[in-house]
Each structure stands twice: as structure tokens, then as C-alpha cells.
Amino acid sequence: MPYYGVLSAAALDPVEKKPLYHFHPGTRSYSIGFFGCNLRCPFCQNYQISTKLPSSGLKPTNPAEVVAEALQVKADSISYTYSEPLIHAEFCLETAAAANDAGLANIFVTNGYMSEDAAKSVFSAMDAVNIDLKSFNPQYYEKVLKGGLETVCKSIETAATLCHTEVTTLLIPGENDSRQELDSLFSFLSALKPQPVLHLTRYFPRHQYTQPATSVHTLQKAGEMARGRLKYVYIGNTGPKDAHGFSKDTVCPECDSLLISRKNLRISVVNSSTSNCDNCGSDLPYLA
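Below: a short report on this structure. Because the structure is predicted, anything quoted here is derived from the model rather than measured. Starting afresh in each chain, residues are numbered from 1 along the sequence in its written order. pLDDT decides what is reported in this predicted model: residues at 70 or higher carry local features, side-chain atom pairs at 80 or more are listed and counted, and totals for whole chains, interfaces and linings draw on all residues regardless. Here the side-chain values reflect all heavy atoms present in the structure, with hydrogen atoms and water set aside.

A word on the nonpolar core
Test applied: In this text, buried Ala, Val, Leu, Ile, Met, Phe, Trp, Tyr and Cys residues form a nonpolar core when linked through side-chain atoms within 4.5 Å. Burial status follows relative accessibility: with a 1.4 Å probe on protein chains alone, a residue under 20% of its type maximum counts as buried, one over 50% as exposed, and anything between as partly exposed. In what follows, residue pairs with any heavy atoms lying within 4.5 Å of each other are defined as contacts.
Ranked by internal contacts, the top residues of the largest apolar core, which has 60 residues, are Phe108, Phe123, Leu133 and Leu189. The residues touching phenylalanine 108, leaving out its near neighbours within four places in the chain, are Tyr80, Glu84, Pro85, Leu86, Cys92, Met114, Val122, Phe123, Met126, Ala128, Val129 and Asn130.

A look at the pairing of strand β10 (residues 258-263)
Inclusion rule: Two strands are counted as paired when DSSP detects at least two bridges linking them. Under the scheme used here, helices are H or I runs from DSSP no shorter than 4 residues and strands are E runs no shorter than 2 residues, and both carry numbers assigned from the N terminus.
Here two bridges tie strand β9 (residues 250-251) to β10, and the two strands are oriented antiparallel to one another. Across the sheet, threonine 250 pairs through a bridge with isoleucine 260, a residue of β10. The hairpin formed by β10 and strand β11 (residues 266-269) contains two residues between the paired strands, and asparagine 264 there has a positive phi angle of roughly 55°.

Quick notes on the layout of surface pockets
Rule in force here: A cavity here means a set of points on a 1 Å grid, drawn over the protein atoms and nothing else, where a 1.4 Å probe fits but cannot get out; a pocket is an open set with protein on both sides within 12 Å along at least five of seven lines, and a residue lines either one if it has an atom within 4 Å of a point. Grid points are joined across faces, edges and corners, and a volume is the space filled by probe spheres set on the points. Note on residue categories: nonpolar means Ala, Val, Leu, Ile, Met, Phe, Trp, Tyr, Cys or Pro, charged means Asp, Glu, Lys or Arg, and polar means any other residue, Gly included.
The space that makes up the second largest pocket amounts to roughly 170 Å³. Every residue along the wall of the second largest pocket is listed here: Arg227, Leu230, Lys231, Tyr232, Val233, Tyr234, Ser247, Asp249, Thr250, Val251, Cys252 and Pro253. If you list the elements that add at least two residues to the lining of the second largest pocket, you get β8 (233-236) and β9. For the lining of the second largest pocket, the per-class residue count stands at seven nonpolar, two polar and three charged.

And the structure:
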């Protein structure tokens, strides 16, 4: 395995950048990235590492070294991210086992395009995942992304039963933002038990896509639509919340009491419980 343990990047990130808003809020995650991907998204934000492999300068690490570095920088967790970590599943699983022994949580950030057996193996070893649901159009997945919607949906269903799950959809004008498609996507997520947290994020021109960035108005409308089906919905890549009036705070879906305050990357957990609202007592299954 010539790329075993070869990292494209390593950094200490806020867990909110994964994005995970309901898993260990306000903590830091030691994030490691890899090379390669099993999809071919023409709008890829990290195409330099997902579409190209290094031909020289390979300096592999090993799971013990990754865990030691995470402990050194006082991380709460290790995230497998940046490009598609499934390509390096063996290394991720070995590192996750070592991290678990050291008291660190494990986070997997993935496109979800994997077999059911792989999903069960990987997600059962993780404490939290964020899965990209890039479209709810099977033809778009097959023709443009070179993947399969049904496979990704099954991965999300599997993840929701095994670990804390959040989902991210990058809204691209004219590609995946029709009302009909979004309604189908929100309907699918709302039927899962437990419902995942949803992040709707703003597209910017990148890689092979040159169309203008998604308007904040489009994101706001999609977010309002999603909140008609889902308890927890956030929009991202819009800048500070006050600039556009769509809060990144977490509030109780029953009584609107503030649970987690987010001012850029300054996080404050207001609610004292991780399972019930201090004000109304309703269940809060997503405050890990």
C-alpha cells in the first residue's frame, strides 16, 4: 500500500468546521487529510488533493504517531477529513482504535459513497460522522459525480443507527436547488430516526464550475423550507450571522430557548444538560 499513512494535511480545527454543531461543541479536533477520492465532483473544494497524487516527498506516518500528536495539541477528537478518508479506510480504522484507547473521539467526514458492509465497519468505529448529500437526483449523481444516490442514502441510514450523524448539502445554483429536489431531500432526512442535523452550505466557483456563487437569499429560503421538516438546520459559508440574519445558534425546537451560542468560532454552551432542555424539559438527542 504505497500511500498508507501518507497525509495531505494535519491541523487542529474547531469541531464546528467539520461541520459538526451537535457533537462536543466548542472543542478542537486534530484533523488529518489524505489523497484521492472515489467521486469526481466538478465543483470540488479540495481538488488539489482529491484528483492528484504526490509522486515524491512521501512521508508516511502511523496510527500511534497520529494519536500522540492529537494528545500533544490537547485535541478532544481525531477527524478523518479534507479529501475522502474511505480511500484509506484501513489506516483510519487502525488509528480510530488507538484513539479510542487513548480516550479520544473519532470523526469521519465523507461523501458516503461506500458499500453497506464498509459503512457498517467504518461508522461503528466512529463517534460522529458528517456525510455529504450532494444532490437528490440519481441521474446527477451518476452522470456528473460518477457515484450513486441510493448508495449514499443507504450510508446515511446506516450512520444514523451507529453514531452521531450530521449531513451537509452544498447548494449549487441550477444544479441541486430546485424546490422539488430539496423537498425530496428534506423528506428523506426527516424520516430517519434519529433525524440528522442538516447543514446547507453556500457554493463558490471552484475547480471546473464557474457559475456565480449561491445567493444568501437562496440559502435562507432553503433553510426555512428544511426547518418545516427537520428540527436542526444550519446554513454555512455566509459569513457572520448578523450580516444575513440567519442564526447559527442552537435553540430548543420546542420552546426556542438558547442552547448553544455561536459567534463566529466562539462557542458557548448555555444549556446545562446534554439530553434535556433546561427550560421546558424536552428531549435533546443531538447535544452530544
